[in-house]
Amino acid sequence: MSLKCKLDSNASCDAIYSKKEKGESHMERRNNSHPAPTIQLRTLLDNCIDLLNRTDIFCLLIHLFFLLLYNYYHYSYLTLLNGVSCLIFLSLLILGRFQKIIPVIIGTLLEPLLHATACTLILGWNYGYTLYIICMIPAVLFILVFVERGGFISSILGFACLAWFCCLKLITTYIEPLSTATYYPLLETIVYITNCFSAFILVIEFVSLFAKHVKNVNQDLTQKNITLDRLAHIDPLTNLWNRRCMDERLAFFMEKRQTKRENFCLILGDIDDFKKINDTYGHDCGDEVLKSISHIISTNVRTQDYVARWGGEEIMIILSDISRKDSLQIIQRLQEKIREHTLEYDSKNIHITMTFGLSYSDEYDDLKSLLLLVDQRLYEGKDSGKDCIISWQS
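Attention here is on the structure that accompanies the text. Quantities reported herein were computed from a predicted structural model and do not represent experimental measurements. (Residues numbered from 1 in each chain as written. Predicted model: local features only at pLDDT ≥ 70, side-chain atom pairs only at ≥ 80, totals over all residues. Heavy atoms only, no water.)

1. Structural notes on helix α12 (residues 283-298)
Item 1. With 16 residues, α12 should cover 22 Å at 1.5 Å per step; its first-to-last C-alpha distance of 22 Å lies within 8% of that length.
Item 2. All buried positions along α12 are accounted for by C285, G286, V289, L290, S292, I293, S294, I296, I297 and S298. (Helix = DSSP H or I, 4+ residues; strand = E, 2+ residues; numbered from the N terminus. Expected span 1.5 Å × (residues − 1). Buried < 20%, exposed > 50% of the residue type's maximum accessible area, 1.4 Å probe, protein only.)

Structure, rendered in structure tokens:
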């Protein structure tokens, strides 16, 4: 029963214990269910499907508006072009209903690029269709998530969109627009404002979805880190805190006593004749004994107290901010609960007792001496016939 103690405290266990200040019981702090892992890819895919549906509906409405607008101004080629785009987005909406995700993604990204290119060559640069090429750059960021080596591919596609944007500027600078229809300044203004508005909405949609995904990933990683931190501080058999975590708590309470003069009681308990139980009934029975004793102790201490499996069949308890009298009453009640408990195993009734050694924080100023004292008193109890409590009164 080595009592070598490390005194270096770190923040990992303190994060777990922060729930103490909120009034959670010891059992609630231990048994608080671990957060279920979220399937980020599935969540992102569902969000993408919703975004694609909204985008296709929005683009369909914009093309209907342009179809009517160009028809009013007798731009027959552009009226026909927007009619074809309406049919494309109607088809994409139908495919989306049947969960044909890949064709919908390709169509939703490719149609604005081709439509913007055609309209820019027909009408010229000033109508603002090239804005759709720029707003496609945020969309290709999602390849980072769905495709292996997505960073490389998304970078290539992003630079390709930028290069195509620049090429169109060069083309429209040196080549006249293909349209021979009458020029209407008001039409140019209406189209430009509409394209600015539409491109802005699309960028906001893509960026907000990406930001939401990043937020979800960060939240999931935070929850997983909390879970891993808890697992690193919990004994898997008894579901009590492990020795590492109790070391940190002991150092914390010693520092608290020195700074705030807040005393605590340190208790080390050992299951009597545990080796005999293992030899007689098997190690599985010994495990059941440990679990039942741990449950009794952890459910009969206060919310501000801490219980840990110190090693083997030893259990350590810290009763924080307590008087000597009250600490004795608590441990006496615990001992009675254990005596009254009968473990049924393999059609046999097993009675369990424990021996406890107690020390009070004002007996020594250093933790090592306090631990040696409680260990010594536990051994005295074992030598005195077991099933007893050895404290400063003994």
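2. Comments concerning the environment of P177
Item 1. By secondary structure assignment, the location of P177 is in the loop between α8 (150-174) and α9 (185-231).
Item 2. Remark: the alpha-carbon pair of P177 and L121, spanning 56 residues in sequence, is separated by 5.6 Å.
Item 3. Once residues within four sequence positions are removed from consideration, P177 is found in contact with L121, I122, L123 and G124. (Contact = heavy atoms within 4.5 Å.)

3. Points about the layout of surface pockets
Item 1. There is about 160 Å³ of room inside the second largest pocket.
Item 2. Lining of the second largest pocket is provided by 13 residues; of these, L123, G124, Y127, P177 and Y183 occupy positions nearest its centre.
Item 3. Of the residues in the lining of the second largest pocket, the class split is 8 nonpolar, 4 polar and 1 charged. (1 Å grid on protein atoms, 1.4 Å probe; cavity = no way out; pocket = protein on both sides within 12 Å on 5 of 7 lines; lining within 4 Å. Points joined across faces, edges and corners; volume = space filled by probe spheres on them. Nonpolar A, V, L, I, M, F, W, Y, C, P; charged D, E, K, R; others polar.)

4. Topic: a nonpolar patch on the surface
Item 1. Nonpolar side chains collect at one region of the surface, where I102, I106, L110 and L114 lie side by side and expose about 400 Å² of accessible area between them.
Item 2. Turning to its location among the elements, L114 is positioned in helix α5 (residues 101-123).
Item 3. A relative accessible area of 55% means that L114 is categorised as exposed. (Patch = residues over 30% accessible without salt bridge, like charges linked within 9 Å, V, L, I, M, F, W, Y side chains within 5 Å. Areas by Shrake-Rupley, 256 points an atom, 1.4 Å probe, with all protein chains shown as cover. Salt bridge = Lys/Arg side-chain N within 4 Å of Asp/Glu carboxyl O.)

5. A closer look at the pairing of strand β6 (residues 354-360)
Along any regular strand the residues' side chains alternate between the sheet's two faces.
Item 1. Extensive coverage of β6 is indicated by the burial of 7 of its 7 residues.
Item 2. On β6, burial covers both faces: M354, F356, L358 and Y360 on one face and T355, G357 and S359 on the other are all buried.
Item 3. Summarising the sheet, strand β1 (residues 264-271) and β6 pair through 7 bridges and their orientation is antiparallel. Each residue of the ladder has a partner; that of L268, found in β6, is G357.
Item 4. Bridging between β6 and strand β7 (residues 389-390) involves 2 bridges; their strand directions are parallel. Within the sheet, the bridge partner assigned to G357 lies in β7 and is I390. (Pairing = 2+ DSSP bridges.)

6. Brief notes about the packing of α12 against helix α13 (residues 324-340)
Item 1. Close contact between α12 and α13 brings their axes to 10 Å; oriented N to C, the two are set at 145°. In the crossing of α12 with α13, the sense of the turn from one axis to the other is right-handed. Where α12 abuts α13, its residues I293, I296 and I297 lie against L334, K337 and I338.
Item 2. Grouping the amino acids of the contact of α12 with α13 by side-chain chemistry returns 5 nonpolar, no polar and 1 charged. (Axes fitted to C-alpha atoms, helices over the stretch in contact; angles between N-to-C directions. Left-handed = near helix turned anticlockwise from the far one by under 90°.)

7. A closer look at the packing of helix α4 (residues 76-97) against α5
Item 1. α5 packs onto α4 with a crossing angle of 175° between their chain directions and a minimal axis gap of 10 Å. When the axes of α4 and α5 are compared, the pair comes out roughly antiparallel. Touching L78, L81, N82, S85, I88, F89, L92, L95 and G96 of α4 are P103, V104, G107, T108, E111, H115, A118, C119, I122 and L123, all from α5.
Item 2. Per-class residue counts for the contact of α4 with α5 are 12 nonpolar, 6 polar and 1 charged. (Parallel < 35°, antiparallel > 145°, perpendicular 65-115°, else oblique.)

8. What about the environment of S361?
Item 1. For S361, the location among the structural elements is in the loop between β6 and α14 (367-383).
Item 2. Once the C-alpha coordinates of S361 and C265 are considered, the two residues, 96 residues apart in sequence, prove to be 6.1 Å apart.
Item 3. The residues touching S361, leaving out its near neighbours within four places in the chain, are R257, N263, F264 and L370.

9. Focus: the state of the cysteines
Item 1. Applying the stated criterion across every chain yields a total of 0 disulfides.
Item 2. Not engaged in a disulfide, the cysteine C135 finds its nearest cysteine sulfur in C59; these two sulfurs lie 8.3 Å apart. (Disulfide = S-S within 2.5 Å.)

10. What about the pattern of salt bridges?
Item 1. Applying the stated criterion to the full structure yields 16 salt bridges.
Item 2. A salt bridge links R244 to E248; the nearest nitrogen and oxygen atoms lie 3.8 Å apart. Taken together, the residues R244 and E248, both in helix α10 (residues 243-260) and 4 residues apart, mark about one turn of the helix.
Item 3. Between D273 and K386 there is a salt bridge, with its nearest N and O atoms 2.6 Å apart. Linking D273 in the loop between β1 and α11 (274-281) with K386 in the loop between α14 and β7, this pair joins segments that are 113 residues apart in sequence.
Item 4. In this structure D273 comes out as partly exposed when scored by relative accessible area, which is 40%.
Item 5. For K386, a relative accessible area of 31% translates into the label partly exposed.

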